[in-house]
Amino acid sequence: NDFGAGGVSVAIGELADGLRIDLDLVPKKYEGLDGTELAISESQERMAVVVSPEDQEQFLAFAAEENLEATPLAVVTKEPYLVLLWRGQEIVNLSRRFLDTNGAHQSCTVEVETPDKEQNYLRKIACAAAGEKLSADEDDFEGAFLAQLADLNTCSQKGLVEMFDSSIGAGTVDMPFGGKYQLTRTSTMIAKLPVLHGTTDTVTMMSYGFDPYLSSWSPYHGAIYAVTESLAKIVAAGGDSASVHFTFQEYFRRMSADPKRWSQPFSALLGAYDAQIGYGLAGIGGKDSMSGTFNEIDVPPTLVSFAVGVGRLDDVVTNEIKDEGNVLVEFIINRDDYDIPVYADVLALYGRITGLMRDGRILSAQAEECSGIAAAAAQAAFGNHYGVHFDGRLELSELFANGIGNILAEMKPEDADALEALDWSCGDYR
């Protein structure tokens, strides 16, 4: 059982009907905590388990082998009471029947706020500056392109990344920026699993997805596309979508009795739940906070999705363009009338992309974000100083349209031409 924010007594108290917990045995960062503070203090990254007395020593030995600190804290008793001891004295003695009531019943009323259809973020140019350029002059590709690349969600953050040493550890597979000139931002962190002896080709992959502007328009859509974006980045890096699990980080304005203030976490968590059910992929962890308010200032409704998966080193595909003469193909996910991804189709499309990668037909791949095709192509080209020529089949507004969930892939011309023979009911390509 995870200690979490509930503290030692709450977490351990969930494991058995009767327990005697010795708070003096709890490992502490510093001295001076009294019994109450020890019992309710937050204890992140700790787990509580129940073992038989005859297995205790072996369990502690296993923990030592893994370099984990393990401490016997409590004894299961026949009597259904939670007893806390501090300095040899009982400071708490509560009946299990009382604990099982879970205290006073709490409830709240939620009034879900409907997103403004006319302000649909998914149907707009994501970068306001780029949108203004296109609105002023539909032929101003250069102006819109530079405005998009200057946007904080698109521009290079290499200076910030270089403040951290990414070379620590021998397991690193991809650097934060790829290509000969290390200018293509990597979207997925990939590292080999550490092993004591020999070598391994098993890698872990981790990515994230979140768009604060989308979530501000609709927390429900924002959560769904956070999950979708994090999944798309794993697929674009050569991972198998079936291996993915999620963990979520949530952050919302402070709650009150106002039913509308509960709309954001309700909508966001419902969206994340819908995406997990739709993709058949589970979230296995997370952390939340509902204290994001200072005076009259609220944080944007925030649900960040982190996707974690495993794969093989030989299957990894990086996102910088590899060679001149190749073509860029955009794979487009299907959405329903409410701009929700058609989950089964997305999985089928991602499966097809993975198949093309395994066959060596996709040479590089970039998961698009809100900034669209033009920015994704630029980011992929920077790493090896290649240029990209758009052949004119797309309108300028299409080059800057929101592309969350879509994947831009580099292919040889003959492999791209062969796509016409495939069934594309699960998505589209161009």
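Up top is the structure these notes are about.
The residue numbering used here restarts from 1 in each chain and proceeds along that chain's sequence as written. With the structure being a predicted model, the display of local features is reserved for residues of pLDDT at least 70 and the display and counting of side-chain atom pairs for 80 or more, all residues being used for whole-chain, interface and lining totals. Heavy atoms throughout the structure, all of them, feed into the side-chain values; hydrogens and water do not.

Asker: Just checking my understanding: could you explain the overall build of the protein for this structure?
Answerer: What counts as a helix is a DSSP run of H or I of at least four residues, what counts as a strand is a run of E of at least two, and both are numbered from the N terminus. Broken down by element type, the protein carries 14 helices and 19 strands. Overall, the protein is about 80 × 60 × 40 Å in size when its C-alpha atoms are taken along their principal axes. Considering only intrachain contacts with a sequence separation of at least 6, the fraction spanning at least 24 residues in the protein is 76%. The Shrake-Rupley method, run with a 1.4 Å probe, gives the accessible areas here. Residue values count only the displayed protein chains as cover. If you sum the accessible surface of the protein, you get close to 23,700 Å²; carbon and sulfur atoms cover 53% of it. The charge count includes Lys and Arg as positive and Asp and Glu as negative, but it does not include His or the ends of the chains. Charge positions are represented by NZ for Lys, CZ for Arg, CG for Asp and CD for Glu. Distance from the positive charge centre (31 side chains) to the negative charge centre (66 side chains) of the protein: 3 Å. The criterion used for residue contact is that any of the two residues' heavy atoms lie within 4.5 Å.

Asker: Could you clarify how one ought to interpret unusual backbone geometry in this entry?
Answerer: Comment: phi is negative for the bulk of residues other than glycine, and the bulk of peptide bonds are trans. The phi dihedral of Gln182 falls on the positive side, at around 45°, and the residue is not glycine. With respect to the secondary-structure elements, Gln182 resides in the loop between strand E7 (177-178) and strand E8 (184-185). Residue burial is assigned from relative accessible area. The probe radius is 1.4 Å, only protein chains are included, and a residue is buried under 20% of its type maximum, exposed over 50%, and partly exposed in between. By relative accessible area, which is 36% here, Gln182 ends up partly exposed. Phi at His385 takes a positive value of approximately 60°, unusual for a residue other than glycine. Residue placement: His385 occurs in the loop between helix H12 (372-382) and helix H13 (396-399).

Asker: Please clarify how the pattern of salt bridges should be interpreted in this entry.
Answerer: Opposite charge on two side chains allows them to pair when their charged atoms are near. Here a salt bridge means any side-chain nitrogen of Lys or Arg lying within 4 Å of a carboxyl oxygen belonging to Asp or Glu. Under the criterion given, the structure shown has 16 salt bridges. Measuring nitrogen to oxygen at the nearest pair gives 3.2 Å for the salt bridge that ties Lys233 to Glu229. Here Lys233 and its partner Glu229 are both found in helix H9 (residues 219-236), four residues apart, which amounts to about one turn of the helix. Glu229 matches Lys233 in its accessibility class, with the two residues each being buried. A salt bridge links Asp415 to Arg361, with the nearest nitrogen and oxygen atoms 2.9 Å apart. Residue Asp415 is located in helix H14 (residues 413-417), and its partner Arg361 is located in the loop between helix H11 (343-358) and strand E17 (362-367); the two are separated by 54 residues in the primary sequence. When its relative accessible area of 14% is taken as the criterion, Asp415 is described as buried. In the salt-bridge network here, residues are joined through shared partners; they are Asp201, Arg312, Asp314, Asp315 and Arg358.

Asker: Can you help me understand the packing of helix H10 (residues 263-279) against H11 in this one?
Answerer: Each pair of packed helices can be described by the angle between their axes along with the distance between the axes. What counts as an axis is a line fitted to C-alpha atoms, over the stretch in contact for a helix, and the angles between N-to-C directions run from 0 to 180 degrees. Interhelical geometry of H10 versus H11 gives an angle of 55° and a closest axis separation of 8 Å. Viewed along their axes, H10 and H11 adopt a mutual orientation that is oblique. In this structure, the crossing between H10 and H11 has a hand that is right-handed. Residues Asp274, Ala275, Gly278 and Tyr279 of H10 pack against Tyr343, Val346 and Leu347 of H11. Charged means Asp, Glu, Lys or Arg here, nonpolar means Ala, Val, Leu, Ile, Met, Phe, Trp, Tyr, Cys or Pro, and polar covers whatever is left, Gly included. Here the residues of the contact of H10 with H11 sort into five nonpolar, one polar and one charged. Here the angle decides the label: under 35 degrees means roughly parallel, over 145 means roughly antiparallel, 65 to 115 means roughly perpendicular, and every other value means oblique. Helix crossings get a hand from a simple test, with the near helix turned counterclockwise from the far one by less than a right angle marking a left-handed crossing and a clockwise turn marking a right-handed one.

Asker: Explanation requested: the side chain of Gln366 in the structure shown.
Answerer: Here Gln366 lies in strand E17. Its relative accessible area of 3% is what places Gln366 among the buried residues. Sequence-distant contacts of Gln366, that is, excluding residues within four places in its chain, are made with Thr184, Ser187, Ala236, Asn319, Ala376, Gln379, Asn406, Ile407 and Leu408.

Asker: Sorry if this is basic, but what is going on with the side chain of Gln148 here?
Answerer: Mapped onto the fold, Gln148 is located in helix H6 (residues 141-150). Distance and chemistry together define a polar contact, namely a pair of N or O atoms within 3.5 Å, with one atom able to donate a hydrogen and the other to accept it when in protein, and with adjacent residues in sequence counting only for side-chain atoms on both sides. Within the structure, the side chain of Gln148 is placed 3.1 Å from the backbone oxygen of Ser371, a separation counted as a polar contact. The contacts of Gln148, once residues within four sequence positions are left out, are Cys127, Ala130, Thr154, Ser371, Ala375 and Phe400.

Asker: Can you walk me through the sheet that holds strand E9 (residues 189-192) in this structure?
Answerer: The pairing of strands in a sheet comes from backbone hydrogen bonds and takes either a parallel or an antiparallel form. Each pair of strands is called paired provided DSSP finds at least two bridges between the two strands. Pairing within the open sheet is mixed, and its five strands lie in the order E9-E10-E15-E11-E12. The sheet is open, and its two borders are formed by E9 and strand E12 (283-289), each paired with just one other strand. Averaged over all neighbouring strand pairs, the angle between strand axes comes to 15°, with direction disregarded. As defined by bridge partners, E9 adjoins strand E10 (residues 202-209) across four bridges and the pair is classed as antiparallel. Residue pairing across strands places Ile190 opposite Met205, the latter belonging to E10. Packed onto the sheet, H9 meets E10, strand E11 (245-251) and strand E15 (302-312) and runs at close to 150° relative to E10.

Asker: When you look at the nonpolar core in this model, what are you seeing that I'm missing?
Answerer: When a protein is soluble and globular, its nonpolar side chains tend to lie buried together. Here, nonpolar core means buried Ala, Val, Leu, Ile, Met, Phe, Trp, Tyr and Cys residues that are tied together by side-chain atoms lying within 4.5 Å of each other. Counting 55 residues, the largest nonpolar core has Phe246, Tyr279, Phe331, Tyr350, Ile353, Ile362 and Ile407 as the members making the most contacts within it. Here this core gets nine residues from one element, more than from any other, and that element is H9. When near neighbours in sequence (up to four residues on either side) are disregarded, Tyr350 contacts Thr228, Leu231, Ala232, Val235, Ile333, Gly405 and Ile407. Ala144, Ala147, Ala374 and Leu399 belong to the second largest nonpolar core, which has 13 residues in total.

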